[in-house]
Amino acid sequence: MDQPEAPCSSTGLRPAVARELLLAALEELSQEQLKRFRHKLRDVGPDGRSIPWGRLERADAVDLAEQLAQFYGPEPALEVARKTLKRADARDVAAQLQEQRLRRLGLGSVALLSVSEYKKKYREHVLQLHARVKERNARSVKITKRFTKLLIAPESVAPEEEALGPAEEPEPGRARRSDTHTFNRLFRGDEEGPQPLTVVLQGPAGIGKTMAAKKILYDWAAGKLYQGQVDFAFFMPCGELLERPGTRSLADLILDQCPDRGAPVPQMLAQPQRLLFILDGADELPALEGPEAAPCTDPFEAASGARVLGGLLGKALLPTALLLVTTRAAAPGRLQGRLSSPQCAEVRGFSDKDKKKYFYKFFQDERRAERAYRFVKENETLFALCFVPFVCWIVCTVLRQQLELGRDLSRTSKTTTSVYLLFIASVLSSTPVADGPRVQGDLRNLCRLAREGVLGRRARFAEKQLEQLELRGSKVQTLFLSKKELPGVLETEVTYQFIDQSFQEFLAALSYLLEDEGVPRTAAGGVGTLLRGDAQPHSHLVLTTRFLFGLLSAERMRDIERHFGCVVSERVKQEALQWVQGQGQGCPGVAPEVTEGTKGLEDTEEPEEEEEEGEEPNYPLELLYCLYETQEDAFVRQALCRLPELALQGVRFCRMDVAVLSYCVRCCPAGQALRLISCRLVTAQEKKKKSLGKRLQASLGGSSSSRGTTKQLPASLLHPLFQAMTDPLCRLTSLTVQLPSSQQGLQYLVGMLRQSPTLTTLDLSGCQLPAPMVTYLCAILQHQGCGLQTLSLTSVELSEQSLQELQAVKRVKPDLVIAHPALDGHPEPPKEFTSTF
């Protein structure tokens, strides 16, 4: 594909002049030199492309000059020809060509030497200036230590694939990790196509576009990128430059980035094809109107920041320069008409592998990094959300604070609610004091918008809705909403959606706590509307409900009051408490009676088929997740008072499920009963990864047990549950568990009996108890710390020896009721038989 003729730059050569110089140089060559020139020319071009040999094989000087000008552009062709002449041993012609070019530009060899020397000085300056980057907490870190590779994919191919989701391992030819090779490929076109002069990196807020752009600049200065292609690279933060008062020229902006005022800026601008401009945050550029609408074309013209940056963006200014543009819009939208043949790429965040690398770079302490990473890996929601580098930073910051204070991670930072609230707090804390009330008000309106969308199952919002809430153009809109432009019948339809569905659900939950006590309810209704709508396990309100409970803890409510400057009503907490207690009056938490053939809590080595996408989560377990999210023992205990029996049936437990159940068991009030029926233990071996929305809705923050294959688990998986039963706060009195003989979890359960004085009833009727396990059980039953009063083994097959051991226990503890058909009227064991511990 031929390269179209490049327009003339005010600081470059006219195309006709460039062609004239090119032809004159080639006509100086002998036939032998011309032959060598053709062969060297086909090897490789400056950007990895070369003119096909079929066009070169029989070309004379005139044909070669025209082929070069068409393929590379008239002025870039001069540089290609000069370097090729040198490789073809025609160095005198190469030097003559360069001298003639500089003479036409009004420059001398002294100035060229000055530019050549200044390249090194400028690179060293860039390396020093960008060696460290500041995080949101103003902590300075080395860019080489903190930068973690991101997934960068070619332009999206289908609208349905544009939804924000966790980064998955890339397919070949699609998403690539942002290493030096990937960055070098950004400015390469197709094999026979022209080199793209504009590359757009697009992606949502916090995904790492600015960091990637700064890393590109740093790697260029370090000699790793665009060698032989770019002499000078400049970082242009659009938002910052737009806020500067007065007018400045592009030459002024370049000079500002140089280490001294003696930089040879005119000579730099004389070779625009050797310059790279990085326009960071180009979506902030306003649409120009009136006198400002005319683009800036002269690099020495003093103009507004919008005109100068707009001139670069639209290629009216230095059209042959390279541009790297970062923008938030999923489709450049407003920028689309201003960009000249852009090559777009999407920044998709961290892969699972790179999440782990980020943790190790953040903590810089292997022990703490491993502890924090393993903790997050086991909480599926947090782990999924860490594909966004900003969210990953929030999570790491929270965990580091907890580790430094010596706090238990599982009690404070394990809930997604606390992490999300910290995200909100970071927005408010970074706001100037004078703007605080306005941002607080905008957040309230954003929460209202989120609630209306969640209840109405809407994820997209029209511009009119944002205008009605005075959110359009606000800081809140910029941080939490992404803009989508869809082609309409008459005009482009502009819609907004939350940067992540989970943020919408979290903000919807937050809206209930921001309601003023005396103000009439909104059209969306009070918290009762949400909870009544969540009465079924397949409800789309499940995650919002869980967020609501997480916000109801006394600590979270104090945080909300502090950050929003309001008083949070206790009414919402009481309504939520009454809702939980009301579940004990209905059927959701009641499991059917055990029937013959019912399986117990088990694991299996055979893989199971993946469940259907729409399978409903276990409702009683989801209720426990809501209570777990509060991390407030007194509230959980009060809520469970009206739920005398917790019955979980058909649940496949993962580690997070066990952790949730363990916490609730530890908070059990007196008289509480727990029944685990037809349950099993599995690990979350996700064969098929899903979008974040599906994973959040289906897995619900760590309950990933319904997704994946099963395998043999270590016995310690159930240990937290049985350990919780020995906690002094636990008042569990009755436990029904069914475990097959293949599960060693029985050992922990039986051992727990000697440390759980409140547990009085244990039903193991659905379990298989081998003889050694019965021996161990009998020893524990005789322990003085065991307060068991009733043991049911009605359907357990027991050996003769086991029956005799149980009879011995009944003789030692006559008040202990052991229910088994074979024990009634069974002969007394021999006097010499004893069961020891």
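Residues numbered from 1 in each chain as written. Predicted model: local features only at pLDDT ≥ 70, side-chain atom pairs only at ≥ 80, totals over all residues. Heavy atoms only, no water.

### Structural notes on the overall build of the protein chain
Quick reminder of the rule: Counting from the N terminus, the helices are the DSSP runs of H or I reaching at least four residues and the strands are the DSSP runs of E reaching at least two. Remark: exposure states derive from per-residue accessible area (1.4 Å probe, protein chains only) relative to the maximum for the residue type, with buried under 20%, exposed over 50%, and partly exposed in between. Contacts were defined at the residue level, with two residues in contact if any of their heavy atoms lie within 4.5 Å. Exposure was quantified through the Shrake-Rupley algorithm and a 1.4 Å probe, taking into account, for residues, occlusion by the shown protein chains and nothing else.
When its secondary structure is counted, the protein chain shows 36 helices and 20 strands. Here the protein chain, with 837 residues, has 54% of them falling under the buried criterion. Across the protein chain, every contact between residues at least 6 apart in sequence was considered, and the portion connecting residues at least 24 apart equals 76%. Put simply, the protein chain shows about 36400 Å² of open surface, and 49% of that area lies on carbon and sulfur atoms.

### A word on the pairing of strand β9 (residues 343-349)
In the case of a regular strand, side chains alternate between the two sheet surfaces. Operational definition: Two strands are said to pair when DSSP picks up at least two bridges between them.
In terms of residue burial, β9 counts as a mostly covered element, since 5 of its 7 residues are buried. Bridge analysis of strand β5 (residues 198-202) against β9 gives 4 bridges, and the strand direction is parallel. Bridging across to β9, Q202 finds its partner in E346.

### Points about the pattern of salt bridges
Formally: The rule for a salt bridge is simple: a side-chain nitrogen of Lys or Arg has to be within 4 Å of a carboxyl oxygen of Asp or Glu.
Counting across every chain of the model gives 24 salt bridges. Between D219 and K215 there is a salt bridge, and its shortest N-O distance comes to 3.0 Å. Placement of both D219 and K215 in helix α10 (residues 209-221) is noted, with a separation of 4 residues, approximately one turn of the helix. Like D219, the residue K215 is buried in the burial classification. Members of the salt-bridge network, linked through shared partners, are R451, E515, R571 and E575.

### A few points about the side chain of R666
The criterion, for reference: Distance and chemistry together define a polar contact, namely a pair of N or O atoms within 3.5 Å, with one atom able to donate a hydrogen and the other to accept it when in protein, and with adjacent residues in sequence counting only for side-chain atoms on both sides.
As for its position among the elements, R666 is in helix α31 (residues 655-666). Only 3.2 Å separates the side chain of R666 from the side chain of D633, close enough to count as a polar contact.

### Quick notes on the sheet that holds strand β18 (residues 761-763)
To be explicit about the condition: Fitted lines through C-alpha atoms give the axes, limited to the stretch in contact for helices. The angle between two N-to-C directions lies from 0 to 180 degrees.
Strands sit in the order β13-β15-β17-β18-β19-β20 across an open sheet of 6 strands; the sheet is parallel. Only two strands of the sheet have a single neighbouring strand rather than two, namely β13 (645-649) and β20 (817-819). Averaged over all adjacent pairs, the angle separating strand axes in this sheet is 10 degrees, with direction ignored. Relative to β18, strand β17 (residues 732-737) runs parallel, the two sharing 3 bridges. Along β18, the bridge assignment pairs S734 with T761.

### Re the nonpolar core
Here is the rule: Only buried residues count toward a nonpolar core, which is a set of Ala, Val, Leu, Ile, Met, Phe, Trp, Tyr and Cys residues joined through side-chain atoms within 4.5 Å.
Ranked by size, the top nonpolar core spans 216 residues in total, and within it F277 and F359 carry the most contacts. With 10 residues, helix α18 (residues 389-404) is the largest single contributor of residues to this core. Setting aside residues up to four positions removed in sequence, F277 forms contacts with F234, M236, L250, I254, L312, L318, A321, L322, L323 and L324. If you look at the next biggest cluster of nonpolar residues, it comprises 28 residues, including A18, L22, L64 and A94.

### Concerning the pairing of strand β6 (residues 232-237)
Counting buried residues in β6 gives 5 out of 6 residues, a clear majority hidden from the surface. Relative to strand β7 (residues 275-280), β6 is paired through 6 bridges, and the arrangement is parallel. Counted as the bridge partner of F235 is I278 from β7.

### Topic: the confidence of the model for the protein chain
Here is the rule: Scored between 0 and 100, pLDDT is the confidence that the predictor attaches to each residue.
Averaged over the protein chain, the pLDDT score is 77; the fraction of residues at 70 or greater is 75%. In this model residues 1-11 is a low-confidence stretch, pLDDT under 50, and it forms 36 contacts with partners more than four residues away in sequence or in other chains.

### A short note on unusual backbone geometry
Phi is positive for D89, close to 65 degrees, though the residue is something other than glycine. In this structure, D89 sits in the loop between α5 (74-87) and α6 (91-105).

### Topic: the environment of L21
In this fold, L21 is placed in helix α1 (residues 15-27). In this structure the C-alpha to C-alpha distance between L21 and Q96, which are 75 residues apart in sequence, comes to 9.9 Å.

### Quick look at the packing of helix α30 (residues 633-640) against α31
Formally: The cut-offs work like this: below 35 degrees is roughly parallel, past 145 is roughly antiparallel, 65 to 115 is roughly perpendicular, and the gaps in between are oblique. The residue classification treats Ala, Val, Leu, Ile, Met, Phe, Trp, Tyr, Cys and Pro as nonpolar and Asp, Glu, Lys and Arg as charged. All others, Gly included, are polar.
Viewed as axis vectors pointing N to C, α30 and α31 meet at an angle of 80 degrees, and their least axial separation amounts to 9 Å. The orientation of α30 with respect to α31, classified from their angle, is roughly perpendicular. Contacts between α30 and α31 involve D633, V636, R637 and L640 from the former and Y663, C664 and R666 from the latter. Residue composition of the contact of α30 with α31, by class: 4 nonpolar, no polar and 3 charged.

### Topic: the environment of H783
Mapped onto the elements, H783 comes out in the loop between α35 (771-781) and β19 (790-792). Along the sequence, H783 and R754 sit 29 residues apart, while their C-alpha atoms lie 6.1 Å from each other. Within the structure, the side chain of H783 is placed 2.9 Å from the backbone nitrogen of G785, a separation counted as a polar contact.

### Overview of the packing of α1 against helix α4 (residues 61-72)
The criterion, for reference: By convention, the crossing between two helices is left-handed when the near helix turns anticlockwise from the far helix through less than a right angle, and right-handed when the turn is clockwise.
Direction vectors running N to C along α1 and α4 enclose 140 degrees, while the axes themselves pass 9 Å from each other. By the angle between their directions, the pair α1 and α4 is classed as oblique. Crossing of α1 against α4: the hand is right-handed. Residues R19, L22, L23, L26 and E27 of α1 form the contact with α4, whose own contacting residues are A61, V62, L64, A65, E66, L68, A69 and Q70.

### Side note on helix α28 (residues 571-582)
Heads up, the rule is: One less than the number of residues in a helix, times 1.5 Å, gives the span that helix is expected to have.
For α28, with 12 residues, the first-to-last C-alpha span of 16 Å sits near the 16 Å given by 1.5 Å per residue. Residues R571, V572, K573, A576, L577, W579, V580 and Q581 constitute the buried set of α28.

### Considering the packing of aromatic side chains
Applicable threshold: When the centres of two rings from Phe, Tyr and Trp lie within 6.5 Å, Trp using its six-membered ring, the rings pair. Their planes under 30 degrees apart give stacked, over 60 give edge-to-face, and anything left gives tilted. Each ring is checked for a lysine NZ or an arginine CZ that lies within 6 Å of its centre and within 35 degrees of its normal; such an atom marks a charge sitting over the ring.
Under the defined criterion, the tally for this structure stands at 20 aromatic pairs. Put simply, the rings of F350, Y358, F359, F362, F363, Y373 and F383 touch in pairs and so form one group of aromatic residues. The ring of F383 carries the charged tip of K377 above its face, separated from the ring centre by 5.4 Å. One cation-aromatic arrangement involves R451 over Y512; the distance from NZ or CZ to the ring centre is 4.0 Å.

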